[in-house]
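# Fold and contact review
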Amino acid sequence: MERADDPGPGGAGGAGGASGAASRRGGADGADPSGGVALRPPRHAVDPRAIRWWTTQALLTVLPAALAVAVAAALLDGARPWLLALLAVVAVGGGAYAVVMPRWRYRVHRWETTEEAVYAAAGWVWQEWRVAPLSRVQTVDTVRGPLQQLFGLASVTVTTASAKGEITIDGLDHVLATEVVDRLTATTQAIPGDAT
Amino acid sequence: MSERRPSDGRLGGDGAAAPANGPAEPTGAPANGPAHSPHGPSAAAGREAWRGLAGRMVAVHGVRLAASLAPLAFALLIGGSDLNLSVAIALGAIFGGAALRSGADVVSWATTRYRVTPERVEMRSGLLQRSELSIPRDRVRTVNVTAKPLHRVFGLATVEVGTGRSGQSRLRLDAIGAGEAVLLRSELLARGEAAVAAPAGATMHDGAVPNATTPDAAPPGRAVAGRADAGEPLARIRWRWLPFHLLSPWTLALPLIVLGGALQALDSIGADGTIRDAASDGYDRAQQLPLGLTIAVLAGFALLVGVVAASAVFVESWWGYRLTREPGGTLHVRRGLLTSRSITIEQRRLRGVEVAESLPLRAAGGATLLAIVSGLKASDDGKGARVDALLPAAPRDVATAVAAAVLRGANRPPSAGTPARPSGAADLGTVQLLPHPRAALRRRLVRAAGATAALVAAAAIAGPIAGLLPQWAPLVAVALLAPALLLGRDAHRSLGHGLAGRHLVTRHGTFVRRTYALERDGVIGWTLSRSPLQRRAGLATLTATTAAGAGGYRIVDADDGEAVSFAAEAVPGVLAPFLVERAARGTSQRPGRRTSASTPATTR
């Protein structure tokens with residue numbers, strides 16, 4: 001079922017996707033002392049509704065801050081010029097954040113699961129690509145906050161025995177997220193061992 | 001895994017099945033363990049009788065009660081008979097509280113029963129609020145035997161049996177006889193060693209590996225006679241290592257702690273007025289001396305206090321230190337003067353070692369050695385030494401030699417799904433590490449210059465405003481540029497990573513340079529993270545995640561492409577599905593742009 005919803009150009013998962021992805025991934029500027037391999041991005045983008053979700057989240061942090069500054073500017077006569085300047089900064093900065101961050105995130109956030117591993121990219125300015133083999137996965141679950149429910153989204157969280165190995169895939173369609181969890185749970189349960 | 005289940009029954013009033021089966025099977029047991037044969041009804045349990053705690057604990061509680069009432073008696077002695085009502089009520093409340101606490105302790109002591117069956121370790125306690133705790137023996141990860149000084153006087157020891165998961169599932173026996181404690185620990189450990197010898201044994205499951213933190217109940221020499229002394233010695237205390245121990249920040253911090261403690265003690269007995277007088281008197285006298293002399297005398301005195309206190313801590317922590325490998329392959333660290341402590345690290349739980357060199361220690365050619373162990377939290381033992389310390393601060397040669405010996409012995413069966421692993425262990429004394437690109441050096445130099453600039457700016461702006469700093473403060477800050485750049489270069493020289501046999505080695509840090517040797521089989525995932533500046537410079541920070549120690553070990557600012565190749569080579573298979581042939585360089589660095597080539601996966 002993983003393959004069924006795979007619209008990427010690489011076709012079937014695994015290393016078979018190499019030819020399609022190779023041209024997309026350039027080397028680093030620096031030296032390339034060993035190995036002719038590179039890590040390709042995960043195959044699937046997240047749900048486009050995630051942009052609206054992230055935008056809402058950004059507005060929920062920016063608007064109260066702007067409102068607080070505006071109220072202060074209305075009430076405090078003495079500091080009004082300063083507060084209005086601050087308000088302008090908050091409005092412009094926060095607005096830019098609310099516009100740029102979700103779209104940037106949408107281009108970075110990607111995910112993929114295979115029979116052997118979970119692979120996810122996250123972040124926007126700072127970016128992280130995480131891989132965990134399914135043989136080391138301990139728990140798989142979905143998280144749906146109120147905002148995510150509003151947009152029909154869910155996050156999938158995959159934990160391993162490592163305190164720092166948790167993988168979160170944000171902004172999946174909630175039905176798809178349930179399917180991913182079911183599939184991962186079935187695969188991990190079939191693998192023996194204590195996942196350490 | 002274990003479960004704690006309150007029950008309102010009387011002793012044994014849980015119904016006929018309860019003493020036999022103990023509390024029900026852990027409900028949350030992971031499905032990956034082989035089937036745990038349901039132990040039979042009363043038959044199996046009948047072999048092991050319930051045992052109580054040592055009777056001598058009454059004496060310990062008595063002494064504790066007396067000790068907690070000592071301040072009270074002191075106050076009564078001083079205050080004499082002129083007690084007013086409110087003071088009498090306060091004293092009565094303190095007395096009542098202490099008595100209640102002791103009473104509760106005694107009730108818990110009197111009602112606690114424990115037993116070890118072939119399958120489980122069980123404990124029940126409580127009079128009204130009864131609780132039962134049952135740990136399958138194959139889930140036992142730690143057996144922790146502590147003997148505080150008071151316990152040692154009465155020949156007692158506290159035993160804690162842990163599953164290595166959450167703090168709630170700890171079975172604590174306070175206290176049983178010291179000899180009994182050693183026997184109990186051996187009993188539980190012996191099972192672990194049997195598991196190592198026969199990992200596929202019918203009743204030995206994935207968790208059957210105790211990794212015990214075990215302060216010995218008796219003086220180190222005779223406590224674990226026979227069993228532990230049969231081990232192969234790897235290291236023992238050398239008192240000439242003391243100077244390395246003194247190179248820690250503790251030596252400077254301890255005088256302040258000692259001073260603070262003394263002031264508080266004097267304050268609590270109402271002598272604060274005297275202190276203030278003495279301080280102002282001392283200040284007046286110091287005014288008549290040259291400033292330099294005063295500073296020198298104070299610093300010298302603080303240093304003296306620090307050296308004495310740190311030496312005392314060293315002796316208390318590391319007295320009788322010995323690192324041995326027991327016949328089962330278990331590492332055994334024994335140390336401690338007043339509270340003797342021994343830490344038993346099962347080799348199968350050992351994922352690697354860390355060699356840490358703080359700047360002063362490195363300058364003196366010393367290093368400390370820590371174990372990277374799953375199930376052993378890297379916590380402080382309360383005396384400045386960490387529970388996972390394998391060595392006190394020692395010469396670097398000794399640390400790397402012991403590290404090599406420890407790593408050589410670490411063998412564990414290959415985990416599920418991993419291919420055959422390379423053999424051989426890392427020798428941190430000789431291992432050659434790949435240096436990181438010049439871009440990493442540039443980053444560090446820029447950071448050093450930036451930090452200096454920030455300091456200069458702060459001194460130039462904040463100094464005159466606050467009026468605290470003299471005019472020449474910015475010049476001093478400027479003079480820091482050269483040392484800062486040197487530190488930056490040193491930080492770059494510290495960077496390195498490589499493979500050595502079964503281990504992945506990574507090193508970073510300048511104030512504390514840390515070298516990690518991590519078992520490649522123990523790596524349970526990878527994280528590749530890139531900041532905007534790292535993307536521009538073609539660098540990336542690669543984190544190997546593991547179940548042990550800190551959970552993740554970083555390869556900082558490696559070449560982006562080389563890091564991926566390294567990860568793929570270090571742990572074959574994990575990254576394989578996501579690797580592509582490297583194309584000619586020069587295309588866009590930004591992962592964000594890469595996505596444009598592939599259609600977004602909309603919802604199915």
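None of these values were measured; they are calculated from a predicted model.

Moving on, we get to the overall build of chain B. Check the secondary structure of chain B and you find 19 helices and 22 strands. The burial tally for chain B puts 47% of its 604 residues in the buried class. A separation threshold of at least 6 residues defines the contact pool for chain B, and within that pool the share at least 24 residues apart is 63%. By element, 64% of the accessible surface of chain B is carried by carbon and sulfur atoms, the whole surface being about 27800 Å².

Attention shifts here to the overall build of chain A. For chain A, the helix and strand inventory stands at five helices and eight strands. Taken from the N to the C terminus, the helices and strands of chain A come in the order α-β-β-α-α-β-β-β-β-α-β-β-α. Here chain A, with 196 residues, has 48% of them falling under the buried criterion. Counting every atom, chain A has about 8600 Å² of accessible surface; 65% of that belongs to carbon and sulfur.

Glancing now at unusual backbone geometry. Residues and elements named next belong to chain B. Geometrically, the link from D174 to A175 is a cis peptide bond, its omega value of 0 degrees lying close to zero. Structurally, A175 is set in strand β8 (residues 171–177). One non-glycine residue, D557, lies in positive phi territory at about 55 degrees. Residue D557 is classed as buried on the basis of its relative accessible area, which comes to 0%.

Moving on, we come to the confidence of the model for chain B. All names here are of chain B. For chain B, per-residue confidence averages 74 on the pLDDT scale, and residues scoring 70 or more make up 71% of the total. Every residue in residues 1–46 scores below 50 in pLDDT, and together they form 90 contacts with partners more than four places removed in sequence or on other chains. Note that pLDDT drops below 50 for residues 192–229; the model gives that stretch 125 contacts with residues more than four away or on any other chain.

Within the element layout of this structure, T452 of chain B appears in helix α14 (residues 438–466). Residue T452 of chain B is classed as buried on the basis of its relative accessible area of 7%.

Right, let's get into a nonpolar patch on the surface. Residue and element names in this part refer to chain A. A surface patch of nonpolar side chains, amounting to about 410 Å² of accessible area, comprises L67, V71, L75 and L76. If you trace the backbone, L67 turns up in helix α2 (residues 49–75). Given a relative accessible area of 56%, L67 falls into the exposed group.

With that settled, consider the sheet that holds strand β4 (residues 117–123) of chain A. Spatially, β2(A)-β3(A)-β4(A)-β5(A)-β19(B)-β20(B)-β21(B) is the arrangement adopted by the seven strands of the open sheet, whose pairing is antiparallel. The outermost strands of the open sheet, each flanked by one partner alone, are β2 (44–45) of chain A together with β21 (552–559) of chain B. Pairing geometry for strand β19 (residues 523–530) of chain B and strand β20 (residues 539–546) of chain B, over six bridges, is antiparallel. Each bridged residue has a counterpart across the sheet, and for L528 of chain B the counterpart in β20 of chain B is L542 of chain B. Sitting on the sheet, helix α5 (residues 174–189) of chain A is in contact with β3 (110–113) and β4 of chain A, with an inclination near 35 degrees to β3 of chain A. Running at roughly 140 degrees to β21 of chain B, helix α18 (residues 560–570) of chain B makes contact with β19, β20 and β21 of chain B of the sheet.

A few words on the environment of A477 of chain B. All names here are of chain B. Mapped onto the elements of the fold, A477 is located in helix α15 (residues 473–479). For A477, a relative accessible area of 4% puts it in the buried group. The sequence separation of A477 and T452 amounts to 25 residues, and the corresponding C-alpha distance is 6.6 Å. In contact with A477, not counting residues within four places along its chain, are T452, L455 and V456.

Bringing the packing of aromatic side chains into the picture now. A complete count under the given rule lists nine aromatic pairs over all chains for this structure. Ring plane angle 45 degrees and centroid distance 4.4 Å describe the contact between Y119 of chain A and F578 of chain B, whose orientation is recorded as tilted. Of the two residues, Y119 of chain A sits in strand β4 while F578 of chain B sits in the loop between α18 and β22 (579–581), which places them in two different chains. Take Y119 of chain A: its relative accessible area is 0%, and that puts it in the buried class. The exposure class assigned to F578 of chain B is buried, which follows from its relative accessible area of 0%. Among the aromatic residues, ring-to-ring pairing joins Y97, W104 and W124 of chain A into one connected group. The ring of W318 of chain B has R335 of chain B sitting right over it, with the charged end atom 4.6 Å from the ring centre.

To continue, consider the sheet that holds strand β16 (residues 496–500) of chain B. Residue and element names in this part refer to chain B. The antiparallel open sheet is built from six strands, whose spatial order is β15-β14-β13-β18-β17-β16. The open sheet terminates on both sides in strands that have one partner only, identified here as β15 (389–395) and β16. Averaged over all neighbouring strand pairs, the angle between strand axes comes to 15 degrees, with direction disregarded. With respect to the sheet, α18 is in contact with β16 and β17 (503–508), its orientation differing from that of β16 by roughly 25 degrees.

The next thing to look at is the side chain of S494 of chain B. Looking at the secondary structure, you find S494 of chain B in helix α16 (residues 481–494). Those residues in contact with S494 of chain B that sit more than four places away from it in its chain are R362, R507, H508, G509 and R513 of chain B.

Further remarks concern the environment of D560 of chain B. Within the secondary structure, D560 of chain B sits in helix α18. By relative accessible area, which is 2% here, D560 of chain B ends up buried.

Before going further, it helps to examine the nonpolar core. With 37 residues, the main nonpolar core has Y321, L323, V353, L390, L391 and V406 of chain B as its most contacted residues. Of all elements in the fold, only β9 (232–236), α11 (291–318), β11 (331–335), β12 (341–345), β13 (350–358), β14 (366–373), β15 and α13 (396–409) of chain B reach the threshold of two or more residues within this core. With six residues, the single largest contributor to this core is α13 of chain B. Those residues in contact with V406 of chain B that lie beyond four places of it in its chain are L234, L323, R325, L331, Q347, L350, V353 and L390 of chain B. Grouped together as the second largest cluster of nonpolar side chains are 31 residues, Y119 of chain A together with A558, A568 and V571 of chain B included.

Once that is clear, we can look at α2 of chain A. Here α2 of chain A contains 27 residues, and its C-alpha end-to-end distance of 39 Å stays within 8% of the 39 Å for a straight helix at 1.5 Å per residue. For α2 of chain A, the set of buried residues is A50, I51, W53, W54, T55, A58, V62, A66, V69 and A73 of chain A.

A word on the pattern of salt bridges. Residue and element names in this part refer to chain A. According to the stated counting rule, one finds 17 salt bridges over all chains in the structure shown. Between D173 and R49 there is a salt bridge, with its nearest N and O atoms 2.5 Å apart. Highlighted residues: D173 in strand β8 (residues 167–173) and R49 in helix α2, separated in sequence by 124 residues. For D173, a relative accessible area of 8% puts it in the buried group. Salt bridges sharing partners connect three or more residues here, namely R40, R43 and E112.

Rules behind the numbers
- Residue numbering note: each chain is counted from 1, following its sequence as written.
- Just so you know, chain letters begin at A and ligand numbers begin at 1, following the order they were written in.
- Local features in this predicted model are restricted to residues whose pLDDT is 70 or higher, and side-chain atom pairs enter the listing and the counts only when it is 80 or higher, whereas totals over whole chains, interfaces and linings include all residues.
- Heavy atoms throughout the structure, all of them, feed into the side-chain values; hydrogens and water do not.
- Strands are runs of DSSP state E lasting at least 2 residues, helices are runs of H or I lasting at least 4, and numbering of each runs from the N terminus.
- Relative accessible area decides the class of each residue, using a 1.4 Å probe on protein chains only: under 20% of the type maximum gives buried, over 50% gives exposed, and in between gives partly exposed.
- By definition in these notes, contact holds between two residues if any of their heavy atoms fall within 4.5 Å.
- To be clear on the numbers: accessible area is Shrake-Rupley with a 1.4 Å probe, and residue cover counts the displayed protein chains and nothing else.
- By definition, pLDDT measures how confident the predictor is in each residue, and it falls between 0 and 100.
- Without a salt bridge and with relative accessible area above 30%, a residue can belong to a patch; like charges are then joined within 9 Å and nonpolar side chains (Val, Leu, Ile, Met, Phe, Trp, Tyr) within 5 Å.
- Salt bridges are counted wherever a side-chain nitrogen of Lys or Arg sits within 4 Å of a carboxyl oxygen of Asp or Glu.
- DSSP-based pairing: two strands are paired if at least 2 bridges between them are found.
- Axes here refer to lines fitted to C-alpha atoms; in helices the fit is confined to the stretch in contact. Angles between the N-to-C directions go from 0 to 180 degrees.
- Aromatic rings from Phe, Tyr and Trp, with only the six-membered ring used for Trp, were paired whenever their centres fell within 6.5 Å, and each pair was classed as stacked if the ring planes differed by under 30 degrees, edge-to-face if by over 60, and tilted otherwise.
- Ring-over charges, as used throughout, are those where CZ of Arg or NZ of Lys falls within 6 Å of the ring centre and within 35 degrees of the ring normal.
- To qualify as a nonpolar core, a set must consist of buried Ala, Val, Leu, Ile, Met, Phe, Trp, Tyr and Cys residues joined through side-chain atoms within 4.5 Å.
- Expected span of a helix, by definition, is 1.5 Å for each gap between consecutive residues, and there is one gap fewer than residues.

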